[in-house]
Amino acid sequence: MLNFTVCFKALTGYEPFSWQQKLYERFVRGEIPDVSDIPTGLGKTSVIAVWLIALAHHLSSKSSLPFPRRLVYVVDRRTVVDQSTDEAESLVKKIENPDSTASPAETNALRMLAEIFKNAACAAHDKLIALSTLRGQFADNREWCVDPARPAVIVGTVDMIGSRLLFSGYGGVGRYYRSTQAGLLGQDALIVIDEAQLSPTFVTTAIAAYKYQRRSQEIRRSWLMRLSATILNHNESDEQDEKEIVFGKDEIADDYKNEIARKRLMAEKRLVWHPVKPESDVKESSKAANERFANAIVESAAKFFNQSTAVIIYLKTVELVNVVEEKLAGKLKAAEIADAKERILKITDEMRGYERDDLVKNNKIYKYFKPKENRVLTEGCRFIIATAAAEVGVNIDAEHGICDLVAYERMIQRFGRINRLGNKAATTTVMYDEAQFKACDVLEKNSSNEAAPKGKNAAQPIDRTAYYAHSVLQSRADEDGGIDVSPTALREIENDERAWSVPPHCPPLDSAQLDDWSLTTLNQNDYARPLVAYWLRGVTADNSATTTFCWRADLQFAASIEDDKDDIVNMVKAVPVAPQEKADVAVHRAIALVKKLAEKFREKQLVIIDGGGTYEATTLEKICGVTDGKVSVKDDELHRKLSFATLILPNEIGGLDSSGNPLQELPKTVTRVEDRVDSDLWRRLVITQEGKNFVAQELDADGEEKAIDNELPNKFPSPKAIVKAYCKQWKRQCHFISNKGESVNTNDADDGDDSNVNVKHHKFVAYLLKRDAPEQFSSNRDESSLNRDKELSVTQHNADARRCAEIICEKLNLDSSLASAIILAASRHDNGKARLCWQRAIGNENYDRENIETALAKSGKTWFDQQANAGYRHEFGSLIEATRDVEINRHPHRELILHLIAAHHGYARPYFPDRAFDREEPDSKRFAFDTMQRFARLQRQYGWWQLAYLESLLKAADGLASRANQKGTQ
């Protein structure tokens, strides 16, 4: 029997608070609150640990109560995602390797958890719990998609999680995984939205999605829980079917008796106002106003120069952060503080992932701000200057704060990063522009919300939500003018909705949109549909719209768009964009950056991935319409093109500052990082023609060509021959080879002519992928049948998949009728590989059409011959054979079985293209038409997420069987 207190302490290192014990008791009863309203400082992220222990209880007791096997933790600040992942990873590590300092009772508890989670999975895995995040080290490992019975923790942003829930999958998710991920998020999962008040559009959409799920046959129920320290209104809509379950106020009452919790809840934090006065009555430019405000910020910060203290400065915009950083560094230097630059850390949401990861792991200033009960600060002051990127959930603890005035819910988040543990008395200085504030006063007195200030020198009014936030906080001022902003004091303030950010309008989620998005076989070019961004962020423009920038050295080897437009796209797709490569820039700043790039490098080629995941090779000139060195395209058109898009640029154009933020000063070469994500995953060959021969060099992590140290002769008759030889030598498979690359002028010495005439040649680049690379790196999943240690027949692989399907259905305790359908589909799913074209494509020279036992499902070859296969999809052939199978035709779930077989590689939602047809079957068009109708009928019967979930079970059986065979465990 699990003891929650012992398990919790073993996982976290401290005794649980009362609210954590009560939440666990709810989970054990199968009750998951809709809203959890927990103050800052009481460890809301510990929901992950509470869920883990509750899941172990349900698994070990074989409870009949439904409880989710996957926890999805949504954080609406990119800089916090890795931090949350680190906390989850720490829990997993303790379960797998109990700390030697743990008590015997705690060690025993961790071993019990490990045994329970091990037995829950369908197969042995390297880690007991799948841990995935859409940023950082674990990005897109998709381990949570492999085994549907295995406990999993997935951490990601609103855009990444929300797009997957809605069948879209930002970040290069292809047709194979889009429906799989939607199904696994929509079934048997608990989605926890941290600081939910910051994501009102996504909350509204998620609530609507879960209501739709309840209308269909629920196979494995899912839950949604909003987590916040600043809940304004628990009921998002008057149309809710039932009253929400709220967990919070009553549940934390007992925590005031706990010394540690009380210290945090009552932490001494004082707010003082600092109005910034204009220098004259003359109207300023926005740049001059920023300069004046920045000077005031720096003067306030200078008070701490002679103290050993940690100060955080929060500002609304990246522009203002940059100005304050420059001025503060100058002020420190003027004060003869030698290491001025080493005392300031800038954090914005625009940081590239590579620098952001390094910040959390290695930055000395960031470590200086890490919260500790008995923190000893080194000599001298330290400053963090940050935008909203460091407001929510960031694990820092400043001793003092300086900030501008923003909406009330953001002010609460800022206060929460100051004196979190209640160790000392802290002060937060809140600055606002006095002229702008007075302009807003005039509007209020005139009761005219829309009237503009009169007079050419009149200041623009301050943001209305900030104005009312001032009013709400000022209502708590004491006789000295100071304001108590401890967590307890803030919870006693009566909320005013006018002080909160106005959420963008969220369009209603209806069945038409869900039908459109569920057609995951079709990309945006094939079938245009509304972008899911409107249902994640709202239809009105807001500051959350971003553009992602990524730089790659490999683009120098791409063919020109005029010669081969697909070559550059395929090159980019070959290596999925990793979070370390990304810099997410606010769209208005992205527009300015792209325009400067276009004016300097208008002919440079790039790839743009729009918000719907469609790739397009283009040039900066085509994006911006450069005429006579000037951009002609209007900003509003660029806004449409760049919102939620990803731009992949050559690394010799662009620039990043030392903090990983995009520069406006150009040009500057950007550090190449794609090979640093996993230096052993890829090996790249650069192939050059020398006369009639071809020679290879290797491209290193810095983009430099170097000689290859091996015994192979370095002259081959073709690029393909080189690639085949090195695939065999290094036990790899060719993932991509370019059609042709940059033109280079070389002296051709092989023709016996010593005249030194320059001859134009081309370079090729090839990517050689590790044999055991994660599946997401396979651009064509038929290629996953290659490079096996041993060949495997279709008959044997079907039998292996059937066995895995039986285990999956047993572990999930699936309804027997549905289980038999999935098992039967698994036993027939690869029959379509027994076609001459497909067997030739994998290099099976011994295939006999009359003997299915000679058909291979897995091959030891390193190359899939696309020309021999000519687009044929083996699952289409499997579907045709299944329609003639007596056992399938007698099954009550015949239609479902046929669909699962057809859809197990991502097609049949809703169709197969003509190229996929079985050329040995003259009636292929009829089967393709039936496939579309069948998909529509089944989706109406099961619902969007339930059907996708059933598909994921067959895909899992197929994948687990392949993994086991590759590891030699079958």
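Because the structure is a prediction, the values reported are computed rather than measured. (Residues numbered from 1 in each chain as written. Predicted model: local features only at pLDDT ≥ 70, side-chain atom pairs only at ≥ 80, totals over all residues. Heavy atoms only, no water.)

## Quick word on the packing of aromatic side chains
Then, in step 1: A complete count under the given rule lists 27 aromatic pairs for this structure.
Then, in step 2: Where Tyr176 meets Tyr177, the ring centres are 4.9 Å apart and the plane angle is 80°; that geometry is what we call edge-to-face.
Then, in step 3: Judged by its relative accessible area of 9%, Tyr176 falls in the buried class.
Then, in step 4: A centroid spacing of 5.0 Å and a plane angle of 40° characterise the contact between Phe437 and Tyr467, whose relative ring orientation is tilted. Taken together, the residues span a long stretch of sequence, with Phe437 in helix α15 (residues 434–445) and Tyr467 in helix α16 (residues 464–474) at a distance of 30 residues. (Phe/Tyr/Trp six-rings, centres within 6.5 Å; stacked < 30°, edge-to-face > 60°. Buried < 20%, exposed > 50% of the residue type's maximum accessible area, 1.4 Å probe, protein only. Helix = DSSP H or I, 4+ residues; strand = E, 2+ residues; numbered from the N terminus.)

## Brief notes about the pattern of salt bridges
Then, in step 1: For the structure shown, the criterion picks out 54 salt bridges.
Then, in step 2: Notably, a salt bridge pairs Arg537 with Asp159, separated by 3.0 Å at the nearest N-O pair. Here Asp159 lies in helix α6 (residues 158–165) and Arg537 lies in helix α19 (residues 533–537), a separation of 378 residues in the sequence.
Then, in step 3: The partner of Arg684 in a salt bridge is Asp554, with the nearest N and O atoms 2.7 Å apart. Taken together, the positions of Arg684 in strand β22 (residues 682–690) and Asp554 in the loop between β15 (546–552) and α20 (565–574) put the pair 130 residues apart, joining distant regions of the chain.
Then, in step 4: For Arg684, a relative accessible area of 2% gives the class buried.
Then, in step 5: Since its relative accessible area comes to 3%, Asp554 is described here as buried.
Then, in step 6: Through salt bridges with shared partners, one network takes in Glu391, Asp404, Arg410 and Arg414. (Salt bridge = Lys/Arg side-chain N within 4 Å of Asp/Glu carboxyl O.)

## Comments concerning the sheet that holds strand β1 (residues 35–37)
Within a sheet, each strand pairs with its neighbour through backbone hydrogen bonds, oriented either parallel or antiparallel.
Then, in step 1: In space, the 7 strands of this open sheet follow the order β3-β4-β2-β5-β6-β1-β7, with parallel pairing throughout. Of all strands in the sheet, those bounded by a partner on one side alone are β3 (130–133) and β7 (246–247).
Then, in step 2: Across 5 bridges, the pairing between strand β2 (residues 70–75) and strand β4 (residues 152–156) is parallel. In the strand pairing of β4, Val74 is matched with Gly156. (Pairing = 2+ DSSP bridges.)

## Notes on the side chain of Asn831
Then, in step 1: Tracing the chain through its elements places Asn831 in the loop between α26 (816–828) and α27 (836–841).
Then, in step 2: Overall, the relative accessible area of 14% leaves Asn831 in the buried class.
Then, in step 3: Excluding its chain neighbours within four sequence positions, the residues that come into contact with Asn831 are Val794, Asn798, Ile852, Ser878 and Glu881. (Contact = heavy atoms within 4.5 Å.)

## Considerations on the pairing of strand β10 (residues 344–347)
Then, in step 1: Residues Ile344 and Lys346 of β10 are buried on one face, and the alternating residues Leu345 and Ile347, pointing to the opposite face, are buried as well.
Then, in step 2: In the sheet, β10 pairs with strand β11 (residues 382–386) via 4 bridges, with the strands oriented parallel. Looking at the pairing, Lys346 lines up with Ile385 of β11.

## Points about the nonpolar core
Then, in step 1: Phe549, Leu620, Leu896, Trp945 and Leu950 are the most contacted members of the largest nonpolar core, which totals 126 residues.
Then, in step 2: The element that contributes the greatest number of residues to this core is helix α33 (residues 944–967), accounting for 12 residues.
Then, in step 3: Ignoring anything within four residues of it in the chain, the contact list for Leu896 reads Leu818, Ala821, Leu938, Tyr942, Leu947 and Leu950. (Core = buried A, V, L, I, M, F, W, Y, C linked by side-chain atoms within 4.5 Å.)

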